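Here is how the chains run, residue by residue.
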Amino acid sequence: MQLGVEPPALTSRQPHDIAPELHDAADRPAVIRAILAGIGDYLPEHIVTNDELSRTVATNDQWIRERTGIRQRHIAQPHETCAFMATRAAQAALANAGATAGDVDAIILATATPDQAFPATAVRVQAALGARGFAFDVSAACSGFIYALSVADAFIRTGQARGVLVIGSEVYSRILNWQDRGTCVLFGDGAGAVFLRRGEGNGTGADTGLLSTHLHSDGAYGDILYVDGATGRHDKPAHLVMNGKEVFRHAVTHMSETIDEALAANGFDHSAIDWLIPHQANMRIVDAIGKRLHLSAEHVVVTLDQHANTSAASIPLALSVAQADGRLQPGQLLLLAALGGGLTWGSAIIRL
Ligand SMILES: CC(C)(COP(=O)(O)OP(=O)(O)OC[C@H]1O[C@@H](n2cnc3c(N)ncnc32)[C@H](O)[C@@H]1OP(=O)(O)O)[C@@H](O)C(=O)NCCC(=O)NCCS
């Protein structure tokens with residue numbers, strides 16, 4: 001069911017309106033917040049280690065581990081399409097939230113590797129779930145999940161939806177040039193999903209839910225990371241092309257900048273962060289950002305060693321892993337940040 005825009009009984013605040021004080025909530029009017037109600041994931045069964053890769057391309061485990069931190073990646077089999085993995089992750093997120101397909105008003109799916117140009121993969125997921133409402137894809141490469149989260153937040157805060165599935169699902173194995181050792185060792189397949197539910201807060205940083213999102217893009221850098229054609233299952237092969245050094249430089253700079261703006265917008269110091277959940281591209285990028293934030297490794301969720309770079313799926317996959325092993329607890333503050341082809345980048349702050 002798609003809900004109409006509701007009367008302005010509840011005021012929605014922008015991040016810059018939110019006062020830093022966490023204790024003056026009593027007199028504030030209620031605001032709508034998107035609450036992170038459930039998290040789920042799906043990973044292909046087939047795992048390829050660095051050693052296995054070194055049998056088909058001129059690379060080795062030591063180079064990959066030292067330059068990236070990656071040890072292995074999951075690779076989709078033919079039946080593990082973008083829609084298949086997204087559906088499994090979405091079902092897991094709904095179950096985790098104690099929700100059903102009937103609670104879903106919208107599905108927003110971030111991917112750079114859809115099964116078809118159209119219909120959107122999100123619509124395939126909608127059919128598989130038996131959900132109503134509306135569904136569409138978001139294309140922002142590795143920042144896609146943050147973009148989708150931001151759109152979902154807007155739908156919830158304007159009253160257009162009460163329950164939104166936000167999914168990142170990727171099959172990069174289908175767009176990699178498996179002869180190019182500079183790119184094929186870096187990526188993996190998988191899907192992660194969250195279910196967001198409408199809730200209320202006081203408009204302070206103490207609220208539960210999505211506190212802010214910040215998005216950026218700069219098309220001037222469109223040629224340092226791109227895919228040279230269409231990507232659907234039946235299209236002719238297209239390959240990912242990357243200038244690794246340039247992307248690395250931009251990733252550290254822009255992810256750090258957007259983290260700073262997210263903290264400033266909410267009046268938080270870096271010490272307020274319980275978990276930094278960055279896009280999982282390269283351990284050296286994650287380390288550089290963690291260091292700038294004075295965050296010890298114990299406050300950074302890292303999955304790239306197991307999953308490699310799963311693009312739009314990497315952050316929800318990391319959320320799911322951290323929830324499953326008990327690291328995520330109610331009341332904690334999560335800082336999400338990503339950079340991807342476009343260039344696109346952005347951040348989100350969520351209180352559990
Ligand atoms: C890709 C990346 C790991 C390469 O690391 P780097 O330190 O820049 O390495 P270089 O590209 O300079 O390559 C150094 C050498 O290793 C070689 N090399 C590249 N890939 C290799 C591999 N898989 N195995 C072994 N050697 C490899 C290069 O050919 C080069 O050899 P040379 O010195 O003889 O010419 C790094 O640039 C990176 O992670 N960039 C960011 C990528 C990213 O995050 N992309 C996604 C963003 S969403």
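Here, every reference points to the structure presented above.
Please read all numbers here as calculations on a predicted model, not as lab measurements.

A. Unusual backbone geometry, seen in detail. Look at the link from phenylalanine 118 to proline 119: it is a cis peptide, with omega at 0°. Residue leucine 343 is reached from glycine 342 by a cis peptide bond, and omega for that bond is -10°. One non-glycine residue, histidine 294, lies in positive phi territory at about 55°. Within the secondary structure, histidine 294 is located in the loop between helix H8 (283–292) and helix H9 (304–307). Its 11 C-beta neighbours within 10 Å are what place histidine 294 among the exposed residues. Despite not being glycine, serine 311 shows a phi value in the positive range, around 55°. Structurally, the position occupied by serine 311 is in the loop between H9 and helix H10 (314–324).

B. Broad picture of the sheet that holds strand E1 (residues 31–42). The mixed open sheet is built from 5 strands, whose spatial order is E1-E7-E6-E4-E5. Edge strands, defined here as strands with exactly one partner in the open sheet, are E1 and strand E5 (134–138). The average angle at which neighbouring strand axes cross in this sheet is 20°, direction not considered. As paired strands, E1 and strand E7 (residues 189–201) are joined by 11 bridges and run antiparallel to one another. Each bridged residue has a counterpart across the sheet, and for tyrosine 42 the counterpart in E7 is alanine 191.

C. Structural view of helix H4 (residues 121–129). What H4 keeps buried is the set Thr121, Ala122, Arg124, Val125, Gln126 and Leu129. Those residues of H4 hidden inside the fold are in contact with helix H3 (82–97), strand E4 (106–110), E5 and strand E6 (163–171). Directly after H4, the chain includes glycine 130, whose backbone phi takes a positive value near 75°.

D. Here's a closer look at the sheet that holds strand E11 (residues 275–278). Taken together, 4 strands build an open sheet; the order of strands is E8-E13-E12-E11 and the sheet is mixed. In this open sheet, the two edge strands, each paired with only one partner strand, are strand E8 (209–217) and E11. Each neighbouring strand pair of the sheet contributes to a mean axis angle of 10°, computed without reference to strand direction. Bridge count for E11 against strand E12 (residues 333–340) is 4 bridges, and the pairing is parallel. Looking across to E12, one finds that leucine 276 is bridged to leucine 335.

E. The nonpolar core, seen in detail. Counting 114 residues, the largest nonpolar core has Ala86, Ala93, Ile107, Val166, Ile167, Ala193 and Leu196 as the members making the most contacts within it. With 11 residues, the single largest contributor to this core is H3. Sequence-distant contacts of leucine 196, defined by excluding residues within four places in its chain, comprise Ala34, Ile35, Leu36, Ala37, Ala152, Ile156, Val164 and Val166.

F. Local environment of H8. Among the residues making up H8, those that are buried are Ile285, Val286 and Ile289. The arc that holds the buried residues of H8, viewed along the axis, is 100°, so those residues lie on one side. Histidine 294 sits one or two residues past H8 and shows a positive phi near 55°.

G. View of the site of the ligand. The environment of the ligand is formed by 20 residues, the closest being Thr59, Arg181, Gly244, Phe248 and Ala281. Taken together, the elements giving at least two residues each to the shell around the ligand come down to helix H2 (61–68), helix H6 (181–184), helix H7 (244–266) and E12. By residue number, the principal contributor to the shell around the ligand is H7, which donates 5 residues. When its residues are assigned to classes, the shell around the ligand shows 10 nonpolar, 7 polar and 3 charged.

H. The arrangement of the packing of H7 against H8 in detail. Viewed as axis vectors pointing N to C, H7 and H8 meet at an angle of 35°, and their least axial separation amounts to 10 Å. Relative to H8, the crossing made by H7 is right-handed. Contacts from Phe248, Ala251, Val252, Met255, Ser256 and Ile259 of H7 reach H8 at Ile285, Ala288, Ile289 and Arg292. Class assignment for the residues of the contact of H7 with H8 results in 8 nonpolar, 1 polar and 1 charged.

I. Molecular detail of the environment of alanine 92. In this fold, alanine 92 is placed in helix H3. Take alanine 92: there are 21 C-beta atoms within 10 Å of it, and that puts it in the buried class. When residues no more than four places from it in sequence are discounted, the contact partners of alanine 92 are Gly40, Asp41, Tyr42 and Ala193.

Analysis parameters
- Residues numbered from 1 in each chain as written.
- Predicted model: local features only at pLDDT ≥ 70, side-chain atom pairs only at ≥ 80, totals over all residues.
- Helix = DSSP H or I, 4+ residues; strand = E, 2+ residues; numbered from the N terminus.
- Buried ≥ 20, exposed ≤ 12 C-beta atoms within 10 Å, placed from the backbone.
- Pairing = 2+ DSSP bridges.
- Axes fitted to C-alpha atoms, helices over the stretch in contact; angles between N-to-C directions.
- Contact = placed C-beta atoms within 7 Å.
- Core = buried A, V, L, I, M, F, W, Y, C linked by C-beta atoms within 7 Å.
- Arc of directions from axis to C-beta.
- Near = placed C-beta within 6 Å.
- Nonpolar A, V, L, I, M, F, W, Y, C, P; charged D, E, K, R; others polar.
- Left-handed = near helix turned anticlockwise from the far one by under 90°.

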